[in-house]
Amino acid sequence: MSSTTFVTLPDGSQREIPPGASALDLARSIGKRLADDAIVARVNGELYDLARPLPPEARVEILTTRDPEALEVYRHSSAHLLAAAVLELYPETKLGIGPPIKDGFYYDFQRPEPFTAEDLAKIEARMAEIRDRDLPYERQVVEKQAGLAKYREIGEPMKCELIEERAGDQFTEYTLGPQFIDFCRGPHLPSTKKIKAFKLLSIAGAYWKGDENRHQMQRIYGTSWYSQKDLDEHLQKLEEAKKRDHRVLGKQLGLFTVDDKVGQGLILWKPKGSIIRQELQTFISEHLRRQGYSQVFTPHIGKLELYKTSGHFPYYADSQFPPLVDREQISQLAADGCSCAHLANLLGSGEIEGFLLKPMNCPHHIRIFDSDPHSYRDLPVRLSEFGTVYRFEQSGELGGMTRVRGFTQDDAHIFCTEEQVPQEVSGCLELVKIIFGTIGMKDYRVRVGLRDPDSAKYVGEPEQWDAAEKACKEAAESLGVPYTLEPGEAAFYGPKIDFVVQDVIGREWQLGTVQVDYQLPQRFDLNYTGADNKPHRPVMIHRAPFGSMERFVGVLIEHFAGAFPLWLSPLQAVVLPISDRHLEYAGNVLEQLRGAGLRAELDSRSEKVNYKIREAQMQKVPYMLVIGDREAEQGAVSVRNRKHGDRGAMPLGEFLESVKGLIATRSQED
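Residues numbered from 1 in each chain as written. Predicted model: local features only at pLDDT ≥ 70, side-chain atom pairs only at ≥ 80, totals over all residues. Heavy atoms only, no water.

Engineer: How should the overall build of the protein chain be read in this particular structure?
Structural biologist: Scanning the protein chain for helices and strands turns up 22 helices and 33 strands. Principal axes of the C-alpha set define a box for the protein chain whose edges measure 95 × 70 × 65 Å. Looking at the protein chain as a whole, 50% of its 670 residues qualify as buried. When contacts within the protein chain are restricted to residue pairs at least 6 apart in sequence, those whose partners lie at least 24 apart make up 69%. Entry remark: accessible area of the protein chain is about 31,800 Å², with carbon and sulfur atoms responsible for 49%. (Helix = DSSP H or I, 4+ residues; strand = E, 2+ residues; numbered from the N terminus. Buried < 20%, exposed > 50% of the residue type's maximum accessible area, 1.4 Å probe, protein only. Contact = heavy atoms within 4.5 Å. Areas by Shrake-Rupley, 256 points an atom, 1.4 Å probe, with all protein chains shown as cover.)

Engineer: Hey, could you run me through the packing of aromatic side chains in this one?
Structural biologist: What characterises a pair of aromatic rings is the spacing of the ring centres plus the angle enclosed by the ring planes. Enumeration over the complete set of coordinates arrives at 16 aromatic pairs. Each ring, one from Phe-546 and one from Phe-552, has its centre 4.5 Å from the other, and the planes form 45 degrees; the classification is tilted. Every member of this aromatic cluster is reached through a ring pair, and the members are Tyr-90, Tyr-107, Phe-109 and Phe-115. One residue, Arg-52, lies across the ring of Tyr-48, its end atom 3.7 Å from the ring centre. (Phe/Tyr/Trp six-rings, centres within 6.5 Å; stacked < 30°, edge-to-face > 60°. Lys NZ or Arg CZ within 6 Å of the ring centre and 35° of its normal.)

Engineer: Looking at this model, I keep getting lost on the packing of helix 9 (residues 271-290) against helix 18 (residues 549-559). Mind explaining?
Structural biologist: The description of two packed helices rests on the angle between their axes and on the distance between the axes. Relative to each other, helix 9 and helix 18 sit at 110 degrees, their axes nearing to 11 Å. Taken together, the axis directions place helix 9 and helix 18 in an arrangement best described as roughly perpendicular. Contacts between helix 9 and helix 18 pair Ile-276, Arg-277, Leu-280 and Gln-281 from the former with Met-549, Glu-550, Phe-552, Val-553 and Leu-556 from the latter. Within the contact of helix 9 with helix 18, the residues separate by chemical class into 6 nonpolar, 1 polar and 2 charged. (Axes fitted to C-alpha atoms, helices over the stretch in contact; angles between N-to-C directions. Parallel < 35°, antiparallel > 145°, perpendicular 65-115°, else oblique. Nonpolar A, V, L, I, M, F, W, Y, C, P; charged D, E, K, R; others polar.)

Engineer: What exactly am I supposed to notice about unusual backbone geometry here?
Structural biologist: Negative phi values dominate among residues other than glycine, just as trans dominates among peptide bonds. Put simply, Gly-186 and Pro-187 share a cis peptide bond, and its omega is -5 degrees. Within the secondary structure layout, Pro-187 lies in the loop between strand 11 (180-183) and strand 12 (197-207). Cis peptide bonds are those with omega within 30 degrees of zero, and the linkage from Leu-379 to Pro-380 qualifies with 5 degrees. Checked against the element boundaries, Pro-380 lands in the loop between helix 14 (362-369) and strand 20 (381-390). Of note in this structure, Asn-44 is not a glycine but carries a positive phi near 50 degrees. Despite not being glycine, Asp-103 has its phi angle at roughly 70 degrees, a positive value. Exposure remark for Asp-103: the relative accessible area of 29% places this residue in the partly exposed category.

Engineer: It is not clear to me how the pattern of salt bridges should be interpreted in this structure. Could you clarify?
Structural biologist: Where side chains of opposite charge bring their charged atoms close, a pairing between them can arise. With the rule as written, the count across this model stands at 46 salt bridges. The residue Glu-239 makes a salt bridge to Lys-242 at a minimum N-O spacing of 3.5 Å. You can see Glu-239 and its partner Lys-242 sitting in helix 7 (residues 228-244), 3 residues apart, about one turn around the helix. The class of Lys-242 is exposed, set by a relative accessible area of 55%. Here Lys-358 ties to Glu-385 by a salt bridge, and the two come within 3.8 Å at their closest N and O atoms. One end of the pair, Lys-358, is in the loop between strand 19 (354-357) and helix 14; the other, Glu-385, is in strand 20, with 27 residues separating them in the sequence. No difference in accessibility class separates Lys-358 from Glu-385, as the two residues are buried. Linked through salt bridges whose partners overlap, the residues forming this network are Glu-88, Arg-126, Glu-129 and Arg-133. (Salt bridge = Lys/Arg side-chain N within 4 Å of Asp/Glu carboxyl O.)

Engineer: How should helix 7 be read in this particular structure?
Structural biologist: The periodicity of an α-helix, 3.6 residues per turn, causes residues three or four positions apart to be oriented the same way. Relative to the 24 Å expected for 17 residues at 1.5 Å per residue, helix 7 spans 24 Å between its end C-alpha atoms, a close match to the ideal helical length. Buried residues of helix 7: Leu-231, His-234, Ala-241 and Arg-244, and no others. Taken around the axis of helix 7, the buried residues stretch over an arc of 135 degrees, which confines them to a single face. Exposed residues pointing more than 90 degrees away from the buried face of helix 7 are listed as Lys-229, Gln-236, Lys-242 and Lys-243. In this structure, the buried residues of helix 7 make contact with strand 12, strand 13 (216-225), helix 8 (246-252) and helix 18. (Expected span 1.5 Å × (residues − 1). Arc of directions from axis to C-beta.)

Engineer: It is not clear to me how empty space enclosed by the protein should be interpreted in this structure. Could you clarify?
Structural biologist: Remark: the empty space left among the atoms is shown by a probe the size of a water molecule rolled over them. All chains considered together, the criterion is met by 1 cavity of 30 Å³ or more. The calculated volume of the largest cavity comes to roughly 100 Å³. Residue lining of the largest cavity: 13 residues in total, with Leu-253, Pro-570, Leu-571, Gln-619 and Lys-620 positioned closest to the centre. Residue composition of the lining of the largest cavity, by class: 7 nonpolar, 3 polar and 3 charged. (1 Å grid on protein atoms, 1.4 Å probe; cavity = no way out; pocket = protein on both sides within 12 Å on 5 of 7 lines; lining within 4 Å. Points joined across faces, edges and corners; volume = space filled by probe spheres on them.)

Engineer: Help me understand the pairing of strand 25 (residues 508-517) in this model?
Structural biologist: Working note: regular strand, side chains alternate between the two faces of the sheet. For strand 25, the tally of buried residues reaches 8 of 10 residues, placing the bulk of the element in the interior. Both strand 24 (residues 496-502) and strand 25 contribute to a ladder of 6 bridges, which runs antiparallel. If you follow Gln-502 over to strand 25, its bridge partner there is Glu-508. The hairpin formed by strand 24 and strand 25 contains 5 residues between the paired strands, and Gly-506 there has a positive phi angle of roughly 90 degrees. Sheet analysis places strand 25 next to strand 28 (residues 539-544), joined by 5 bridges and oriented antiparallel. Along strand 28, the bridge assignment pairs Val-514 with Arg-543. (Pairing = 2+ DSSP bridges.)

Engineer: Sorry, what's going on with the side chain of Lys-612 here?
Structural biologist: Note that Lys-612 resides in helix 20 (residues 609-618). Buried Lys-612, no salt bridge; nearest opposite-charge side chain is Asp-603, N-O distance 4.4 Å. The residues contacting Lys-612, other than those within four sequence positions of it, are Leu-576, Pro-577, Asp-603, Ser-604, Arg-605 and Glu-607. (Lys, Arg positive; Asp, Glu negative; His and termini not counted.)

Engineer: It is not clear to me how the sheet that holds strand 19 should be interpreted in this structure. Could you clarify?
Structural biologist: Strand pairing in a sheet is mediated by backbone hydrogen bonds. Such pairs are either parallel or antiparallel. What the 3 strands build is an open sheet, ordered 17-19-18; its pairing is antiparallel. The open sheet has two free edges, formed respectively by strand 17 (301-303) and strand 18 (324-325), since each of these has just one partner strand.

Right under this line is the structure:
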């Protein structure tokens, strides 16, 4: 055994420490502040518990509260603290899993009685008690069979299932106090005293392993931060997010509804919400025409064989609605005694003709392109469509407009030569920048999804992937915004560029996407005639700057807290006569507003004007035009703005010119 452990630090310097010393010992030898801030260590590329002995030769980086990976470990340990508290209070509970997630953690439990809000308060208090006991997170290496026997004995069937599936001959487990033990890869904090601030947030239902055919669990969500100040700021953001919840505002403002009789995950756009959607479509259509796109329309279903050729079936079969089949063939086979399983096999083999609710628009656009011969002089061909597609999301994953089963994409597909790819990708990115700039979402980053060379998921020649990935990387660089390269995140047919936008309260949303595809033109045997009079294969670019219209509008509702900029507001002005004697002039004002193209209404109710103003303010109407004796005599309006309050009286013509300019430029200001 070596008498010394040799450690190389990130700056290249080296240290000798006693054998069996840990990363925490190393941190203490460097300085007390580093030891106090330390959360976890990276040792020869692997994350280590601070208390775990270092190998004889090690490259060591101490991760502190400034490192994102350290915060994940911190929250993972917080999840274990939650589970330990639950077991102390409710020992009959069975354990599921408890990972860190964005901004927090959760743990899944199986228990006969449902947890209540009062239980959450008790659990949180017990977590604080356990934290103050300064208990260590102790790591143990266990032989698989011995470990399985132990977990069976203590009655943890889900842990046994996970061990059977995931463990090698040995596995690691962590204990926290006398009652909590968990099959876990780790790493964890040295002790509970490291956890400074946490809060349990909610209880939700979940299925074991996310499978609705398995038993139901109770999921407790929580969050934890390095300081009470950070926690308080996060809780304040959560409160603000609740106020901005698009499901609440959508109902309050009459934008959309979801009806059980229609189906969960299927959005019914109400008149006011439809105005927002149409304005967005009109806006992007102007730029599509400028960039030379041609609009097309395609059906909502297609032959199953079409999606087998494209690879969407069976690649995404789990997220698609079941195929539709030829009723006459099915009836005849059923009459002949054919079983359901055999029918499914016949459908899969193509012996029965089937149809599919389209999960993507691209196969339809491919068939449009292929319906005519093309020369290199015709390219690029740019086809666009606001096309509705369908995905069978699990019911537990549906959420308002942001996770749905039927959604409309501002979809387009560009068929071009390989030499045209960089320019066409740049044109797609220009469109995304225009959209984000117009709606005021200027804080965004870019993810470039690349293939994982070790995965069998991807199809096509490496040389084609190299060319496509190069084009995406160069385009991302040209944007001048932060971007990351993410291997393994490409679509099966090509690399992609995703845009991740940060809203006004700091939340991130994945919206627009651009994808370069060498594979689908090959699968569909697409060709164009080159300058050499020979057939050549086009490259296909998929792009959707909004992504899903439903998701995009849901994000906008929350971003603007329902107070859309004037050009997007469903109702731009409301005329408020003070009394019935002002109705005639108010009607004349309404007529002129509508004649100028404004979306305006007249509130002729016999209510006090202050009451009408409050209601209009609640409906986020940009302008309230109050009409009294003076306004009627002078041909004016008294202008009240939802943001800036009373703006005083002005001639009606002056008001109209002002707002028409704001609408024409799609200004962010009212």
